[in-house]
Structure formats: C-alpha cells, structure tokens
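# Survey of secondary and tertiary structure
Now for the letters of each chain:
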Amino acid sequence: MDFVSAPSGESSSLKNPVLEVEAVDMTSAGVKGGTATENITAATEEAAQSEDETDSDGSGDDWESQSLYEDAIQVVRDEQLRDGVPDACTLEEAIAYRRRLHDIGKAAFVEETIGRDTVTAKKLCTAFGILPPAFLDDAPDEAFHPLLAIAISREFQKRPKLPQYNTIDDAVKLLQESKNIVVLTGAGISTSLGIPDFRSKDTGLYSQLAHLGLSDPQEVFDIHVFREDPSIFFSIAKDILPTEKKFSPTHAFIRLLQDKGKLLTNYTQNIDNIEANAGVLPENIVQCHGSFATATCVKCDYKVSGDDIFDEIKKGAIPVCASCRKSIAEDSGVKRKRSSNGAHKNRKDNDGDSSDEDYEIPTPGVMKPDITFFGEDLPDEFGHRLLHHDRDRVDLVIVIGTSLKVAPVAEVPGVLPRTVPQIYISRTPVSHTEFDIDLLGDCDVVVSELCRRAGWELKHEMIPADEKVEVLPVEDYESRHVFKVVGA
Ligand SMILES: [Zn+2]
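Residues numbered from 1 in each chain as written. Predicted model: local features only at pLDDT ≥ 70, side-chain atom pairs only at ≥ 80, totals over all residues. Heavy atoms only, no water.

## Some thoughts on the UniProt feature "active site" (unreviewed entry) in the protein
What UniProt calls "active site" (unreviewed entry) maps, in this numbering, to His289. The exposure class of His289 is buried, given its relative accessible area of 0%. (UniProt positions renumbered as here; feature names shortened; annotations may be inferred. Buried < 20%, exposed > 50% of the residue type's maximum accessible area, 1.4 Å probe, protein only.)

Below you can see the structure in the form of structure tokens.
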C-alpha cells in the first residue's frame, strides 16, 4: 500500500545529497536579465524545484503537469530518434549530448551549446526526448529556451539507463551474480492476496468510505482526524488487515533472496506486514510507511505487538492502552472503564458511558498502529539505512509492484550510485524513471519465471507446478518484456 506519503514540507535526510548535486552549478545561475545561458540555467533550477515540490505532495498524479509548457510537451522516444525524426538529433547525437550534460553540469553544458550557437534550442530539446510543440514552429529560437530548461532539468535529475543490460538473460544473470540486492516494493505485491491497493480507485474502498462522511478518503489516514475520532480509522482498519498469515509468491521471492544471502534491504511501502509472514527478517526490512506490526498508546507511548490488538481491530473495536488502564485503576481506584478513547468531543456514540462526560474521569489512551499517517514524520530509519548502510554496498536494485511516484521510496533510485543496475517489475511501465530492464506483467508470474530461468526453486502454493510462462518483446523497446502465463 503506497498511499501514505511524506507530507508537504516533510524532508527526509535524503533531500540533502540531492540538493548537493543541484548546488554544484548554481554559482553561475540565477541572474535576471543575464545572458541566454544564464537564464536557461536559472530556469533549469526552477524547473527542478517545481518537480521536487510536485513530487512531495504525495499524490503523484500531477507529476507531469506543472506548467503550460509541460502540458504541451510531446515525447520523442529513442527508438524514434534512431529511425530518424525531421529536424531532430540523431540517436547518437542525443546520447552524446546527454553524456556531456551529466559530465560537465547544466551551466557549462548550456554555455557550450546555446551559448556558442553550436545547436539550436529547438533541436537540442529533442536530444532530451522532448519534441517542440507545433504552435512554436515559426517562433524564434529563444521561444524554445523555457522548454529546453525543463528538458535539461529533467535529464539532469534522471539516472541514465545502463546500455549493457536489456534482456531477460541479463536480468537472470544479474540475479545470480548480485550479492547485495535492494528490493523496493509497493501495493502490487499484495494485491494477489486480496489486499486492496488504496491508490487504485476501483477497489471499492473509496465507496466504502463515502458512508463515513469523509470528503477525502485520505482523511482516514490523517493524524488530526485520528486524534479527533479514532473510530473512523478503526472502522476500516479491519478491512486492511490480512485475515490469515499468508503471503504471495513475490513475498516468497524476497524471502528466497534472503535465504541466498543476497537481500541487502527490502524497502516496502506496504503496511500490511506480510513480509514477516514470508519469513523476511525485521533487520532486512524498512517499512517506509510503518506497519501494523506494532502499536503505540497515543497518551503514554506504551508499545505492544500488533498481534495483541489484532482481535479487537478485527471486531472493529477501538483498542485502548492496558498500561494507561492499569495506572488509572491504581491511582484513583476507579474500576476499569470501557470505551473511553481520550477524544472527548466524540463520545456521542458511546451512549452507555455518556454520563461520565461531565466528571473528567481519566481515560486510557487509544492504541494507534505504528503506520505513518498523513501529518506524521516518516520513520527515520529510511534515509539513514539508505545512505549509511546500503548506498556503498548495493549491486542491484529491483523495484516490484509500485509506480514509484510517492516519496520517500520514489527517491531511492536517484540516490543510489548510477552504475548500479535497476530492474523494474510491474504490470505497467513508468516513464518518469528509466530502468535498465522492464519486466512487465503479474509480478508473481514474473518472479516465478525469473527463478525458473535462474535455476532457483521458488515453492509456493499459488505457483502451479506445471506453469508455463511466455515472454514477449515490446515493440520499439529493447529492454522491455511482457510475461504471460501460457493458456491463462
Ligand atoms: Zn497508555
């Protein structure tokens, strides 16, 4: 589940290295009324900043629509450049420009190209995959500068694809040879178990929420709403919790990587804690949005295992703190009270106890599962582990079942060394990040086929013993492959 995200203004320690990179060529930028070079360079900084802001709002949906220009942007793919596009760079030119940009930085790159009139801005845009819109066709070259600024900014933030990894065999070989794999996971690895993906509008959960009178379903996971009335959260929490201790073939795959001593860290956006069911060790997992594995009292910070309140959550009840209850009983001699939840304004439904209201009787705190709500800080562990444990060790990144648009996980590929190969496994490809190999399809099917080809035994009741998987190429994409079960 990847709906809980860094709230606006939230900044993990990850932001720092990103900003350091950005700051490198800030020196010659930002002078209004400067040369074309200076203006374009300054504009790339603005474009970069606005991408950051959009990114951190957590919705992910407006990723590519920040300005009029961006709405007008048409993408030109490398495969098209290779075949030849009128007035555009050749693929070889494009690759050379990109390499040069990454080598010398934005300011020097703009100075060397536009500053010295070696190429037009209109043509240079195509080197970065942007086709100038038709309405600018007869415009002077300066009209393309803002577009070029966006193009350069995007390219500079992007990790360039490693050209040597493309095929399924490459992916299998990477699996076999890598020793320290970072696995990023999202809702897609749990959907085969019937756990709803909250970002998908057709799961029925949103309509379930309508009767709670919420204007935005995300309010269920808003910490302020929770403090006001925890019953809203607990009325749907029972539907999020997995009913049995089951796990998907993809969870089993992550466990298999662990058994082979190859799992460096599994960063998961999911809060269902299903990784534990598969036997992935807590020291190998970072639950980026927290999880139901533990719960904490909102009043006294008393912590319990998630299992301790599991039954109450399943019943739709509001679990309260045993420690608070004990000290209340000891302090005042008042016997155990049911139902008080610490939120005084919302007791109208607790008809049986409404007479208590006027007496300010101490009430035990509510036990809040340790998932990260909107308005709460993300667990510190994330950035620390990534920068101080993984960054220098990782030799392969596998992203599974997430569109990778939500912070903080979305930042991971950009922070790890660019020479580390990255494989993407999901139903649909993404365009904002470039992976070396895209393996498209049901992730359970993809990982089972990868294991088969690697000669690894991935046993799981949901993988039929005689399963045959065909892999189809995707036209125009050398590194994209679709996995399908034969006869399915
Ligand atoms: Zn307590």
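## Structural notes on the sheet that holds strand β13 (residues 477–485)
In spatial order, the strands read β5-β4-β3-β9-β10-β11-β13-β12; together these eight strands make up an open sheet with mixed pairing. Edge positions in the open sheet fall to β5 (285–287) and β12 (469–474), since each of these has one partner strand only. For this sheet the average axis-to-axis angle between neighbouring strands, irrespective of direction, equals 20 degrees. With three bridges connecting them, strand β11 (residues 437–440) and β13 associate as parallel partners. Bridged to Asp438 within β13 is Arg480. (Pairing = 2+ DSSP bridges. Helix = DSSP H or I, 4+ residues; strand = E, 2+ residues; numbered from the N terminus. Axes fitted to C-alpha atoms, helices over the stretch in contact; angles between N-to-C directions.)

## Re the environment of Asn270
Within the fold, Asn270 resides in the loop between β4 (263–268) and α14 (274–277). Take Asn270: its relative accessible area is 0%, and that puts it in the buried class. Residues Asn270 and Gly188 lie 82 residues apart in sequence; the distance between their C-alpha atoms is 9.3 Å. Engagement of the side chain of Asn270 in a polar contact is seen with the backbone oxygen of Gly186, the distance being 3.0 Å. (Polar contact = N/O pair within 3.5 Å; in protein donor to acceptor, adjacent residues only side chain to side chain.)

## Concerning the sheet that holds strand β7 (residues 303–305)
If you trace the three strands from one edge of the open sheet to the other, you get β7-β6-β8, paired in antiparallel fashion. The outermost strands of the open sheet, each flanked by one partner alone, are β7 and β8 (367–371). Recorded for the sheet is a direction-independent mean angle of 40 degrees between the axes of neighbouring strands. Bridge count between strand β6 (residues 290–297) and β7: three bridges; the pairing is antiparallel. Within the sheet, the bridge partner assigned to Thr296 lies in β7 and is Lys303.

## With respect to unusual backbone geometry
The phi dihedral of Asp87 is positive, around 65 degrees, even though this residue is not glycine. The exposure class of Asp87 is exposed, given its relative accessible area of 67%. With a phi angle near 60 degrees, Asp117 is a residue other than glycine that sits in the positive phi range. Take Asp117: it is sitting in the loop between α6 (106–113) and α7 (121–127).

## Section: the coordination of the zinc ion
Bound to the zinc ion are the protein donor atoms Cys297 (SG), Cys300 (SG), Cys321 (SG) and Cys324 (SG), situated 2.2 to 2.4 Å from the metal. Taken together, the four donor atoms coordinating the zinc ion span angles of 106 to 115 degrees at the metal, a pattern that classifies the geometry as tetrahedral. The sequence pattern formed by the donor residues of the zinc ion is C-x2-C-x20-C-x2-C. (Donors = N, O, S within 2.8 Å, 3.2 Å for Na, K, Ca; no water. Tetrahedral: all angles 85-135°; square planar, octahedral: opposite > 155°, others 65-115°.)

## Structural notes on the state of the cysteines
One pass over the structure, following the stated rule, counts zero disulfides. No disulfide involves Cys125; its sulfur sits 9.4 Å from that of Cys89, the nearest cysteine. (Disulfide = S-S within 2.5 Å.)

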